[in-house]
Amino acid sequence: MSTTRIAGVRPYGEDPTDLYVRDGVLAEPVDDPDEIVDAGGLIALPGLVDLHTHLREPGGEEAETVATGSAAAALGGYTAVFAMPNTDPVADSPVVVEHVWRRGREVGLVDVHPVGAVTVGLGGERLAEMGMMAASPAGVRMFSDDGRCVNDPLVMRRALEYARALDAVVAQHAEDHRLTVGAQAHEGPVAARLGLAGWDPTAEESIVARDVMLAATAGARLHVCHLSTARSAAVLRWAREHYEVRVSAEVTPHHLLLTDTAVQDYDPVHKVNPPLRPAADTEALRRALADGTVDCVATDHAPHAVEAKDCEWSAARPGMLGLQTALPVVVTTMVATGLLDWRGVARVCSEAPARIAGLTDQGRPLTPGEPANLALVDPDAAWTVRGAELASRADNTPYEGMEMPVSVVHTMLRGRWTVRDGKVQDGEVQGHG
Ligand code: DOR
Ligand code: ZN
């Protein structure tokens, strides 16, 4: 059994030390390791966990596959991702979730956990086979109709009740569709000037308010996907003060950095759902993430084929790439601003998402005996984003040409390097090229 010494690394950005890996777990120091990896100057974080990834398989392979999405995830420092079910066919049955789960294992670059649909075909009417998906080898513990809201309050209540019985969580894409018919961009002066139909933020906030009450009534766990407004964060604070509610929430990197003014260029790469919001919301979301109102960062990595993005604004599909840029964007918005230190980054990008999803082998402390899931980050290695060079099949990054302040250098999954020196190690990688 061989032992690796990761020398000179700074766990959570703190003082340099050596980490030891043996048999897939972090180990006690030894004098004669079989391999020594010089990690001087690199910061060690527990492998990142993404609760919100669109891998597009099955049915959307022209935009992404489990293989290319896993490669992008590993390059971004991730060791586990949750694959959203809005695929074709929808992941609303044991057969489909098991397929995605198996593909994830075959590729082997990150743990791929399928999210099961809440309703059949994302139709919002009949509950999907939640129990069967939970009992499948994929062991589904998170359910979502993401892309669509579970709009009907009775269906949502039933879903929460089932989820409680399964010890699962319902992840809600909070959008009252009755308020967003035809919506193209955040409702405000920018959209008005461009003549784009507005997306009323009340559509999100009212569902968040309703759902915390439903979750409290059902005694179930609710997770709010891509929370995007100051008032949604305020609703969570209020709910936790007044109810015994088990609610968690995520914010995307793009909602921490970009604002609705980006839409002015009319480039559909900036079209996303929920839409980019005004700077006041961005500011409030950063504070909410720093103070724990919002628990974690999730990418909402949403690859789209060229045809779905290189078209007029109203015809374009919403969504943007996120896996390879998430950590640098969090550093820009949260660390460089003094709102979080690297321990805080570990909390919001790894520990909290692992806890929300019920993973016991991810988001763990960097101490002996714990699984060796690591992201090693060079805090001084800036790089420029080029969509064509990202591992995703698609190239719809909103950060094209932007400089990112830090680089993921190595990623380790259970003691195995999935990324060395910024290069994917094996896996079935077919991205660009
Ligand atoms: O922008 C988005 N894209 N928001 C969603 O809710 C769905 C996602 C997608 O699947 O492309
Ligand atoms: Zn969504």
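Remember, predicted model here, so these are calculated numbers, not experimental data.

Reading the values: the criteria
Residues numbered from 1 in each chain as written. Chains lettered and ligands numbered in written order. Predicted model: local features only at pLDDT ≥ 70, side-chain atom pairs only at ≥ 80, totals over all residues. Heavy atoms only, no water. Buried < 20%, exposed > 50% of the residue type's maximum accessible area, 1.4 Å probe, protein only. Helix = DSSP H or I, 4+ residues; strand = E, 2+ residues; numbered from the N terminus. Pairing = 2+ DSSP bridges. Right-handed = clockwise from strand over helix to strand, strands pointing away. UniProt positions renumbered as here; feature names shortened; annotations may be inferred. Contact = heavy atoms within 4.5 Å. Donors = N, O, S within 2.8 Å, 3.2 Å for Na, K, Ca; no water. Tetrahedral: all angles 85-135°; square planar, octahedral: opposite > 155°, others 65-115°. Axes fitted to C-alpha atoms, helices over the stretch in contact; angles between N-to-C directions. Parallel < 35°, antiparallel > 145°, perpendicular 65-115°, else oblique. Left-handed = near helix turned anticlockwise from the far one by under 90°. Nonpolar A, V, L, I, M, F, W, Y, C, P; charged D, E, K, R; others polar. Near = heavy atom within 4 Å. Polar contact = N/O pair within 3.5 Å; in protein donor to acceptor, adjacent residues only side chain to side chain. Areas by Shrake-Rupley, 256 points an atom, 1.4 Å probe, with all protein chains shown as cover. Patch = residues over 30% accessible without salt bridge, like charges linked within 9 Å, V, L, I, M, F, W, Y side chains within 5 Å. Salt bridge = Lys/Arg side-chain N within 4 Å of Asp/Glu carboxyl O. Lys, Arg positive; Asp, Glu negative; His and termini not counted. Charge placed at Lys NZ, Arg CZ, Asp CG, Glu CD.

As a further point, take the pairing of strand E14 (residues 246–251). Counting buried residues along E14, 5 of its 6 residues qualify, which places the element largely inside the surrounding structure. Looking at chain direction, strand E13 (residues 221–224) and E14 are connected through 4 bridges and run parallel. The residue of E14 that forms the bridge with Val224 is Ala249. Note on the crossover from E13 through helix H7 (residues 230–242) to E14: the handedness is right-handed. Across 2 bridges, E14 lies against strand E15 (residues 296–297) in parallel orientation. Residue pairing in the sheet places Glu250 in a bridge with Cys296 of E15.

It is worth spelling out the sheet that holds strand E9 (residues 142–143) at this point. What the 5 strands build is an open sheet, ordered E9-E10-E13-E14-E15; its pairing is parallel. A single partner strand is all that each edge strand has here, and the edge strands are E9 and E15. Where strand E10 (residues 169–172) meets E13, 4 bridges bridge the pair, whose relative direction is parallel. Its bridge partner being in E13, Val170 is matched across the sheet by Leu222.

Our focus in this paragraph is the UniProt feature "active site" (unreviewed entry) in the protein. The sites that carry the UniProt feature "active site" (unreviewed entry) are, in the present numbering, Asp300. Relative to the assigned elements, Asp300 resides in the loop between E15 and helix H10 (306–309). For Asp300, a relative accessible area of 6% translates into the label buried. With residues up to four places along the chain from it excluded, the contact list for Asp300 reads His52, His54, Asp146, His226, Thr252, His254, Asn273 and Met320.

Our focus in this paragraph is the coordination of the zinc ion (ligand 2). Around a metal, the idealised angle for a tetrahedral arrangement of four donor atoms is 109.5 degrees; for an octahedral arrangement of six donor atoms it is 90 or 180 degrees. Bound to the zinc ion (ligand 2) on the protein side are Asp146 (OD), His173 (ND1) and His226 (NE2), at distances that span 1.9 to 2.3 Å. Of note is the zinc ion (ligand 2), whose 4 donor atoms meet at the metal with angles of 84 to 128 degrees in an arrangement that counts as irregular. The sequence pattern formed by the donor residues of the zinc ion (ligand 2) is D-x26-H-x52-H. With Asp146 in the loop between E9 and helix H4 (153–165) and His226 in the loop between E13 and H7, this residue pair connects regions lying 80 residues apart in the sequence. Summarising the burial analysis for this pair, Asp146 and His226 share the class buried.

The geometry of helix H6 (residues 202–218) relative to H7 is characterised by a closest axis approach of 9 Å and an angle of 15 degrees between their N-to-C directions. The orientation of H6 with respect to H7, classified from their angle, is roughly parallel. Viewed along their axes, H6 and H7 form a crossing whose handedness is right-handed. Across the interface between the two elements, Thr202, Glu204, Glu205, Val208, Ala209, Val212 and Met213 from H6 touch Arg231, Ser232, Val235, Leu236, Trp238 and Ala239 from H7. Split into classes, the residues belonging to the contact of H6 with H7 amount to 8 nonpolar, 2 polar and 3 charged.

Turning next to the site of ligand 1. Around ligand 1, the surrounding shell holds 14 residues, and the nearest of these are Arg56, Asn86, His173, Asn273 and His304. In the model, a nitrogen atom of ligand 1 is placed 2.7 Å from a nitrogen or oxygen of the Asn273 main chain. Gly319 has a polar backbone atom sitting 3.3 Å from an oxygen atom of ligand 1. Here ligand 1 loses 95% of its free accessible area of 290 Å² to cover by the protein chains. A per-class count over the shell around ligand 1 returns 3 nonpolar, 8 polar and 3 charged.

Together, Glu62, Asp265, Asp267, Glu307, Asp310 and Asp395 make up a region of like negative charge exposed at the surface. Structurally, Glu62 is set in the loop between strand E6 (48–53) and helix H1 (66–75). Since its relative accessible area comes to 51%, Glu62 is described here as exposed.

Let's shift gears to unusual backbone geometry. Note that the residue after Asp88, namely Pro89, is joined by a cis bond; omega there is 5 degrees. Positionally, Pro89 belongs in the loop between strand E7 (78–83) and helix H2 (94–107). With an omega dihedral of -5 degrees, the bond running from Asn273 to Pro274 counts as a cis peptide bond. Considering the arrangement of structural elements, one finds Pro274 in the loop between helix H8 (253–257) and helix H9 (279–290). Despite not being glycine, Arg56 shows a phi value in the positive range, around 65 degrees. Its location among the elements puts Arg56 in the loop between E6 and H1.

Here, UniProt's "domain: Dihydroorotase catalytic" (unreviewed entry) annotation points to residues 43–230. In the segment residues 43–230, helix accounts for 36% and strand for 18%; the C-alpha atoms at its two ends are 32 Å apart.

Reading across the sheet, the 3 strands line up as E6-E7-E8 and stay open at both edges, with parallel pairing between neighbours. Two strands close off the open sheet at either side, each with one partner strand: E6 and strand E8 (111–114). Along the sheet, successive strands turn relative to each other by an average axial angle of 20 degrees, direction set aside. Pairing analysis gives 4 bridges linking E6 to E7, with the strands arranged parallel.

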